Amino acid sequence: MSDPRIYSGAEALALKAPATPGRWRRQRRAVLAGDDVVAVFTDERLNSHDPLSDDTNDCGCEREACPRCYPTLVADADLCAAAPDLAASVAHHEARAERAEARLAVAQAIIL
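Every chain's residues receive numbers from 1 upward, in the order its sequence appears when written. A pLDDT threshold of at least 70 governs which residues receive local features in this predicted model, and a stricter bar of 80 or more applies before side-chain atom pairs are shown or counted, although totals over entire chains, interfaces and linings include all residues. For the side-chain quantities, the full set of heavy atoms in the structure was used; hydrogens and water were omitted.

Q: What should I look at first to understand the overall build of the protein in this one?
A: Counting from the N terminus, the helices are DSSP H or I runs at least four residues long and the strands are E runs at least two residues long. Along the backbone of the protein there are two helices and three strands. Along the protein, helices and strands appear, N-terminal first, in the series α-β-β-β-α. Put simply, the protein has 112 residues, and 24% of those count as buried. Counted over contacts in the protein with a minimum sequence separation of 6, partners at least 24 positions apart contribute 41%. Carbon and sulfur atoms make up 58% of the accessible area of the protein, which amounts to about 7800 Å² in all. Residue exposure (1.4 Å probe, protein chains only): buried if accessible area is under 20% of the type maximum, exposed if over 50%, otherwise partly exposed. We call two residues in contact whenever any of their non-hydrogen atoms come within 4.5 Å of each other. Accessible surface is estimated by sampling points in the Shrake-Rupley manner with a 1.4 Å probe; for residues, cover comes only from the protein chains shown.

In structure tokens:
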């Protein structure tokens, strides 16, 4: 596994700005913003054309929750649904860190 890419607050907000607005949420294997489908998580074995349907899952079995592949697809969709909030969080925490570093520099200048 490679090291994660660290985004600046500006980079994170630049990724978020053109994306579908609104609160994103997961519904089964799809990520939605309002009623709009933003992303669908599938694999090549998916035999359902409706990403919001529970009638079949990603390995082709007829049960909703296949223990082999469905949990990973749901986790992927959960992470994607959190993306807009994660981008805003990056910008928020970057600003907090910059303020803390500035205060620390002032305190060090006073002590030294």
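Still more ground to cover, so stick around.
Q: Teacher, can you tell me more about the confidence of the model for the protein here?
A: Predicted coordinates in areas of low pLDDT are best not read in detail. Values of pLDDT, ranging from 0 to 100, describe the predictor's confidence in every residue of the model. For the protein, per-residue confidence averages 77 on the pLDDT scale, and 71% of positions sit at 70 or higher. Within the protein, no element has a lower average pLDDT than strand β3 (residues 36–40), which sits at 81, and none a higher one than helix α1 (residues 9–16), at 89. pLDDT under 50 marks residues 44–49. Its contacts with residues more than four places away, or in other chains, come to 13 contacts.

Q: Hey, could you run me through the nonpolar core in this one?
A: Side chains of a nonpolar character, in soluble globular proteins, are inclined to be buried together. Core analysis: the biggest nonpolar cluster contains six residues, these being W24, V31, A33, A39, A77 and A81. Every element with two or more residues in this core is listed here: β2 (30–33) and α2 (70–111). Sequence-distant contacts of V31, defined by excluding residues within four places in its chain, comprise W24, R25, R26, D36, V37, V38, A39, F41, A77, C80 and A81. Only buried residues count toward a nonpolar core, which is a set of Ala, Val, Leu, Ile, Met, Phe, Trp, Tyr and Cys residues joined through side-chain atoms within 4.5 Å.

Q: Looking at this structure, how should I read the pattern of salt bridges?
A: Side chains carrying opposite charge are able to pair once their charged atoms draw close together. By convention in these notes, a salt bridge is any Lys or Arg side-chain nitrogen within 4 Å of a carboxyl oxygen on Asp or Glu. Under the criterion given, the structure shown has three salt bridges. Measuring nitrogen to oxygen at the nearest pair gives 2.3 Å for the salt bridge that ties D85 to R23. With D85 in helix α2 and R23 in the loop between α1 and β1 (24–27), this residue pair connects regions lying 62 residues apart in the sequence. For D85, a relative accessible area of 39% corresponds to the partly exposed category. The exposure class assigned to R23 is exposed, which follows from its relative accessible area of 59%. Taking the shortest distance from any N to any O, the salt bridge between D78 and R26 comes out at 2.5 Å.

Q: Looking at this structure, I do not really get the pairing of β3. What am I missing?
A: In the case of a regular strand, side chains alternate between the two sheet surfaces. Note: two strands are recorded as paired if DSSP finds a minimum of 2 bridges between them. By the bridge criterion, four bridges tie β2 to β3 in an arrangement that is antiparallel. The residue of β3 that forms the bridge with L32 is V37. In sequence, β2 turns back onto β3 through a hairpin of two residues, with G34 there showing a positive phi of about 65 degrees.

Q: Would you take a moment to explain the packing of aromatic side chains for this structure?
A: Each pair of aromatic rings is reported with the distance of its centres and the angle of its planes. Two rings from Phe, Tyr or Trp (for Trp, the six-membered ring) form a pair when their centres are within 6.5 Å of each other. A pair whose planes differ by under 30 degrees is stacked, one over 60 is edge-to-face, and the rest are tilted. Following the criterion strictly, the structure yields zero aromatic pairs and no others. For the cation-ring pair, R5 lies above Y7, with the distance from its terminal atom to the ring centre recorded as 4.1 Å. Here, a charge over a ring means that NZ of Lys or CZ of Arg falls within 6 Å of the ring centre while also lying within 35 degrees of the ring normal.

Q: Help me understand the environment of G34, please; the structure alone is not making it clear to me.
A: Examined against the element boundaries, G34 turns out to sit in the loop between β2 and β3. Once residues lying within four places of it in the same chain are set aside, the contact partners of G34 are R23 and R25.

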